[in-house]
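If you want the building blocks of each chain, they are given just below.
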Amino acid sequence: MSKSKAELYQERLKRYTTAVKNGKPDMIPIRPFVAEFTARYAGYSCQEVTHDYRKAHLAVRKCAADFDWDAVVGNMVYVWTGLTQAIDLVYYGVPGIDVSPDVGFQYREPPEDKAFMRLEDYDALIQDPTGYLFNTWLPRVSRAIVPPGEPATFRHNLAFLKGGMAMMDYFGALGEQNELLRDETGTVSAISGILKAPLDIMADKLRGYYGLVHDLMECPDKVLKACEALAPHLLWIALSGADPAGNVPITMWMHRSCVPFITPDHFEHIYWPTIKPIIEEIWRRGHQVLLYAEGNWDFHLETFRTLPAGSVIFHVDQGDIFQAHRILGDKFCLSGGLPNTLLSMGTPEEVREYCKKIIDGVAADGGYIMDASAIIQNDARVENVQAMTEFTRDYGQY
Amino acid sequence: MEQSTKENVYRKPGVCIPWEEKLKELPPIPGDAELARQIWEEVDQLGYIFIWHCLVSF
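First things first, this report covers the structure right here in the doc.

Criteria and cut-off values
- Residues numbered from 1 in each chain as written.
- Chains lettered and ligands numbered in written order.
- Predicted model: local features only at pLDDT ≥ 70, side-chain atom pairs only at ≥ 80, totals over all residues.
- Helix = DSSP H or I, 4+ residues; strand = E, 2+ residues; numbered from the N terminus.
- Rg over C-alpha atoms; globule rule 2.2 N^0.38 Å.
- Buried ≥ 20, exposed ≤ 12 C-beta atoms within 10 Å, placed from the backbone.
- Contact = placed C-beta atoms within 7 Å.
- Axes fitted to C-alpha atoms, helices over the stretch in contact; angles between N-to-C directions.
- Parallel < 35°, antiparallel > 145°, perpendicular 65-115°, else oblique.
- Left-handed = near helix turned anticlockwise from the far one by under 90°.
- Expected span 1.5 Å × (residues − 1).
- Bend = angle between axes of the 7 residues up to and from the residue.

Comments concerning the overall build of chain A
Secondary structure assignment for chain A yields 17 helices and 10 strands. A compact globule built from 398 residues should have a C-alpha radius of gyration of about 21 Å, and chain A, at 21 Å, falls within 12% of that. By residue count, 50% of the 398 residues in chain A fall in the buried class. Expressed as a percentage of contacts within chain A between residues at least 6 apart in sequence, the contacts between residues at least 24 apart total 71%.

Given below as structure tokens:
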């Protein structure tokens, strides 16, 4: 007799939550972070899944129904450009509008002299981060919003109204999507809540990478104070989206705060002291953090090892997953490590061979979740994603 | 918001306009002051969520 969706969900939830706690479930959980791949599979363009989140949600549910995955993200094409257009944000290249309809959305970092936060703004940010974001940052990143002191315009008023309502609409729909994934396909919503490190946010959205590395050399004390000022707010936002049951982790998207983007000294004295307490506080409140280590963070594995056992899941992108297993494997669950290039340009046989290599090398005692290195976009071939799924299911039994 | 910046108000996480600041603008509250505070803070939090998610998520 086939299992009901509710039974399947409970089975998958147990498998996934056992693994994230670095335990050994009945089999290796499969939790691919499928983004624009869902569009390719479901027959949509990138424009359709980016600009119409309802199609993105349908595409995820179609994949979840057709592939034997334990957990997925409700919408990994996470930027709904209907929302960003309502606020008229300057930094997105929208598929079908700014770029080809078959290309994923793009983030356009401004040149150093047009950074959204100026060098002279540090004191204002440090004194009042929320006020700074509303009064100075938002008018710079939005074509519609004007700064305080200038006459409000029709578009200014609408940007706040439409932007706020669109955000509530989108977040509400994500909750419904998670329920539909559970009820229709028995699939677990893999993550809940978002975290970014203070130094990463400084580079991503405030000073820009070039501006930030200039400041790290010229005024590191200001950078540290800015990170300290941002930290409690980033903690608050992370916890506000956390899974109340504590089953699935908050995800920290890790960008350019590793060597060689910054120096070991800046990592040790600015990045780590301003993110470690956030992760520890989240853990103290009953939640794990998925360290989604985009790029290569191998230089810092020993530092991550100092976190409390079980407090994080370490996701490997370009790093060496076997080295990560040697250094972190006794304390933390690992995920990822399957090169995206194999999914796009390899053969199913090559995918199976690499999956075997990972499973043999890091998953023997549990504490591993199968996933690609980075989010899976529309360059991935369907037969390769199928090979990853079916091989892991067959070979990944404990 | 502008007024708060000039007055150098410390804005805690989850807060845009603190209830204490709003309270100064109101006449004496004849009804349930605690309810007034609670609802003000809950709705004020939505503004906070908006701006911080603009920074972190979008």
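Structure's up, so let's keep going.
Let's talk about the packing of helix α14 (residues 321-328) of chain A against helix α16 (residues 348-362) of chain A
Residues and elements named next belong to chain A. The contact between α14 and α16 brings their axes to 10 Å, and the two run at 15°. On the basis of the axis angle, α14 is roughly parallel to α16. Note that α14 runs across α16; the crossing there is right-handed. Contacts from I321, F322 and H325 of α14 reach α16 at I358, G361 and V362.

Points about the environment of A:D320
Residues and elements named next belong to chain A. Looking at where D320 falls in the secondary structure, it is placed in the loop between β8 (312-316) and α14. The class for D320 is partly exposed, based on 14 C-beta atoms found within 10 Å. Along the primary structure D320 and N296 are separated by 24 residues, whereas in three dimensions their C-alpha atoms are 8.0 Å apart.

What to know about helix α7 (residues 129-141) of chain A
Residue and element names in this part refer to chain A. Taking 1.5 Å per residue, 13 residues should reach 18 Å; α7 reaches only 16 Å between its end C-alpha atoms and comes up short. Along α7, the largest kink reaches about 30° and is centred on N135; proline P139 follows within four residues of it. Here α7 has its buried residues at P129, T130, G131, Y132, L133, F134, W137, L138 and V141.

Topic: unusual backbone geometry
If a residue is not glycine, its phi is most likely negative; likewise, a peptide bond is most likely trans. Residues and elements named next belong to chain A. Between V259 and P260 the backbone carries a cis peptide bond, its omega angle lying at 10°. Counting through the fold element by element, P260 comes out in the loop between β6 (250-254) and α12 (264-284). Within the chain, N22 stands out as a residue other than glycine whose phi angle is a positive 70°. Relative to the elements of secondary structure, N22 occurs in the loop between α1 (5-20) and α2 (37-42). At D88, a position not held by glycine, the phi torsion is positive, near 60°. Within the secondary structure, D88 sits in the loop between α5 (81-87) and β2 (92-93). D88 gets classed as partly exposed once you count the C-beta atoms within 10 Å, which come to 17.

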